[in-house]
Amino acid sequence: AAACRALGQLAVPQAPHALLSATHDRAPQVRTAAAAALVMLDNPVALPRLRAIVTEDTAPAAVVHAIAGIGRSGADQDLTMLMSLSLSADHEVVKAAARALGGFHHHRATAALLGLLVHARWDVRWSAAQALGKRHDRTALEPLLRVYETERDPLVRQAVGDAVAELGGTPSAERRG
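Residues numbered from 1 in each chain as written. Predicted model: local features only at pLDDT ≥ 70, side-chain atom pairs only at ≥ 80, totals over all residues. Heavy atoms only, no water.

## Some words on unusual backbone geometry
To be explicit about the condition: Segments assigned H or I by DSSP are reported as helices when at least four residues long, segments assigned E as strands when at least two residues long, and all are numbered from the N terminus. Type-normalised accessible area, obtained with a 1.4 Å probe on protein chains alone, sets the label of each residue: buried when under 20%, exposed when over 50%, and partly exposed for intermediate values.
Even without being a glycine, Asp42 presents a positive backbone phi close to 55°. Here Asp42 is to be found in the loop between helix H3 (28-41) and helix H4 (47-56). Here His136, not a glycine, exhibits a phi torsion of approximately 60°, which is positive. Along the chain, the position of His136 falls in the loop between helix H9 (122-135) and helix H10 (141-150). We classify His136 as partly exposed; its relative accessible area is 48%.

## So, the pattern of salt bridges
Put simply, the rule is: Between Lys or Arg on one side and Asp or Glu on the other, a salt bridge is scored when a side-chain nitrogen of the former is within 4 Å of a carboxyl oxygen of the latter.
Following the criterion strictly, the structure yields nine salt bridges and no others. Glu92 serves as the salt-bridge partner of Lys95, at 3.1 Å between the closest nitrogen and oxygen. Within this pair, Lys95 and its partner Glu92 are both found in helix H7 (residues 91-101), separated by three residues, close to a single helical turn. Note on Lys95: relative accessible area 12%, which makes it buried. By relative accessible area, Glu92 is classed as partly exposed at 32%. Note that Glu151 is salt-bridged to Arg125, the shortest N-O span being 3.0 Å. With Glu151 in the loop between H10 and helix H11 (154-166) and Arg125 in helix H9, this pair connects stretches of sequence that are 26 residues apart. The same class applies to Glu151 as to Arg125, namely buried. Because the salt bridges share partners, they merge into one network encompassing Glu92, Lys95, Arg121 and Asp123.

Shown next, in the form of structure tokens:
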């Protein structure tokens, strides 16, 4: 695992090959470190393996790192994968998918993130709100304003308010005040 982290930081030319091999290791911590290092390298040759990790690996931390990597691709197939991951039972996977969806320019990513604003877990809603603010898609403004009115968790409410402000709006409580 330490060697994988070092390869990711050093970014030597042989690193992707060695890290791709390490993603098949029996130890989950090695696979996780290898996936994280591949994401750090941001080498497109790793994308097929990162996709496979998302669908096949049993180590949740490795999957979360792989999601971050495919979130950089901008490819339609990755957008579709991330949208399906937003329905996962594992809330860490859902949060990672929300963060990754923030980097896609297609409106479907906005729609998926808006759907996560009603998730049962506060941290998923918070991640979705943060991602929506970073997307700069003004079509999210009205739905965010509606969520701001009903959200009870103070951290999520703040993240929704920040997203509204990032999109050029003002939460209604501030408009009235």
